[in-house]
Each structure stands twice: as structure tokens, then as C-alpha cells.
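Overview (structure and organization)
Residues per chain, in single letters:
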Amino acid sequence: MPRVLHTAQALVDVMIEVPSLPQTGNNVNAVGIPQSYAGGAVTISLAAARVGAHAVHGGAHGEGPNGDLIRKVLRENGIGISSPAIEGKDTGSCYVFVEPSAERTFVTCYGAERDITAESLAFLAPREGDLVCVSGYSLFEPTRDPLLAFLDSLDSDVRMVLDPGAPFASFPRALRKQVLARTDVWTSNADEAREITGIDDVRGTLPALGRLLGKGAVVIVRDGSDGCYLFERGHLDYVPGYPQKAIDTNGAGDTHTGILLGERALGTPWLEAARRANAGAALKVTRKGPTTAPTREEIDDFLASNPATSLDAG
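Since the structure is predicted, the reported quantities are computational estimates derived from the model, not experimental observations.

A few words now on unusual backbone geometry. Here the bond from Glu-141 into Pro-142 is cis, since omega is 10 degrees, no more than 30 degrees from zero. Along the chain, Pro-142 turns up in the loop between β8 (131-135) and α4 (144-152). Positive phi values are uncommon outside glycine, yet Ala-125 reaches one of about 50 degrees. Within the fold, Ala-125 resides in the loop between α3 (118-122) and β8. One non-glycine residue, Arg-233, lies in positive phi territory at about 55 degrees. Assignment of secondary structure puts Arg-233 in the loop between β12 (227-232) and β13 (235-240).

This part covers the nonpolar core. The biggest cluster of nonpolar side chains holds 44 residues, and the ones touching the most others in it are Val-4, Ile-220 and Trp-270. No other element matches the 7 residues that helix α9 (residues 270-284) contributes to this core. Listed in part, the 37 residues of the second largest apolar core include Leu-154, Val-179, Ala-217 and Tyr-238.

Take the pairing of strand β6 (residues 93-98) next. Across 6 bridges, the pairing between strand β2 (residues 10-17) and β6 is parallel. Bridge pairing links Val-12 to Ser-93 in β6. Note that β6 and strand β7 (residues 104-109) share 6 bridges and pair antiparallel. Bridging across to β7, Val-98 finds its partner in Arg-104.

Here we take up the pairing of strand β11 (residues 218-222). Counting buried positions along β11 yields 5 of 5 residues, so the element is predominantly enclosed. Burial of β11 is two-sided: the residues Val-218, Ile-220 and Arg-222 facing one way and the residues Val-219 and Val-221 facing the other way are all buried. In the sheet, strand β10 (residues 185-189) pairs with β11 via 5 bridges, with the strands oriented parallel. Bridge pairing in β11 links Trp-186 to Val-219. Note that β11 and β12 share 4 bridges and pair antiparallel. Within the sheet, the bridge partner assigned to Arg-222 lies in β12 and is Cys-228.

Cut-offs applied
- Residues numbered from 1 in each chain as written.
- Predicted model: local features only at pLDDT ≥ 70, side-chain atom pairs only at ≥ 80, totals over all residues.
- Heavy atoms only, no water.
- Helix = DSSP H or I, 4+ residues; strand = E, 2+ residues; numbered from the N terminus.
- Core = buried A, V, L, I, M, F, W, Y, C linked by side-chain atoms within 4.5 Å.
- Buried < 20%, exposed > 50% of the residue type's maximum accessible area, 1.4 Å probe, protein only.
- Pairing = 2+ DSSP bridges.

So this is what it looks like as C-alpha cells:
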């Protein structure tokens, strides 16, 4: 069975609920006590593992309490760890400020997760059919060059998945072109797709992205609670979502990606994998914290009580 392999940064998310963000120089009192969770690349790997796929984390991780938390969550969920801990440095943190609207604001502190090399990533040992996940946030220095060297070493039968994130559109054109040429699967939100293509209509972004990628590439673009769009083999499909009253949207996109890739690794067709990912992300936003991806059984139960709307071919 193909595996879901992640190359990006595992961080500790420190969730802080606030009534609103303060203006510069002002103060606001948090609601309750901050909670720490294993986040970043962990969220995608965990979501894939909970639907039954074999997931492995290939990014760097440090010693100390943050690194311990990352490893604990990975091991408890059956997720492999391919590289040894970085000595003398702890994993970094991402402070996530959550407002009553469920919108989030982030402040990230780097740590051992940035200390990768092409050799440390090679411990993942990708094989035919594996899905190798790449985050746009890894294309900043100091992780950019080791990651690119590792990607250059991949065999053509290994599927590279790009989760571009907000920064991808800001990178030099030559770097974007290099990464896109190796990308087999693009998965992003609608705003990220618009930034790259310059097309406002969400539907129109998918064929445009398909033209930027290699032959046979698959494009998935999330459109919030409305669901997502899938572009495969020249055909565009709309996959309806399952709107819920959101409590915490942190990790919803990563949960969608993890379920999508986990299902695909298990052999599920892309269209059905996208439907299940929509359901899983809908469940995720009703739970606090990034490590609350649903299990396969929970997704099954949700779909049984929420019959899918007819899929609308584009």
C-alpha cells in the first residue's frame, strides 16, 4: 500500500482564545488557559493515519518538551518517524490566536524543525506510489535547498503533493516553476489558487493550475464550507461541502488534505476521497485543537446521517 510521507515542519501549536486581537501597543485578556497541541505537518499525517493509511513524518524534530509532545502524538497514532532527534535544540512553537468567529492569527517561532538536510529527508526512503507531501512554508531558507535536493532525487513513480500555503505566490517565478514541474497533486484553498493564477472564479483556477503542472497532475481546491473542486484528466467536478457551526477552524485545511491523501493511499478514487475529506473537515471544525481529525468510523457515521448532494460536474 502506498504511504503518506511528510517532509514539512512539525510544530507545537499553542492555542490562545481571545475576544479580539488588540491594537498595537494595547492589551487583551485571553479566554481560559492556553492549550498546546502537536501541529504543523502532524495534522496532515494524523488525519491520514486515522482513516487507515500508513503515514511517516520525515521532518526534523528536537529534544525537550515540544519535541517530546510531537513524538508522543505521532507514536500514539501509529505514525512513523524516519529521522533521529536534533540534539541540543527543541522543536519550535506556533502561537495561534483564535477569535470568536473561529478566525486565527499566527506567530511562529522556529526551532529544530528547520534543521533538515537532503540526507535526513532521504530516511523516508520513498518508493513507487508513495505520496510525498511538500509545504510551501518549507521553501523559505534554511529548508529550501535541502528540500529541493531531496525532491530532485525522487523517482518519477513517487507522487509529489504540493500544499502551497499563503507564501508560495510570493516566491521567485523560477522557484515556483521548478516546484510546479515536479508536482503531481496540488491541494490548496481558493485564495491560494487565485494568487497563483490571477483568476477570481474558483472553478477557473483549476484548469489553469493544471496547465502549470506536469502531465496527469491532479488539482484540488477547497472553497471553505462550500466544499471543494477536483480537476483530474481534464475533467472538473464540484464536490459539495457540509456546512457546520465552526468552533475552531485551525487545522481544517490540513485535516482535509490528510484525509484526501490517506484515502487515496488506500486506493479510494479521487472524487470519493474528496467527498470524505469534505466530511472530515466538517467534523474537524466542530472540535477544538488541530489534532482532532475524525476516524474512518466517524466519517462513515457522519456521511450516513448527512446524505451527499449530487456531485455537480463542471
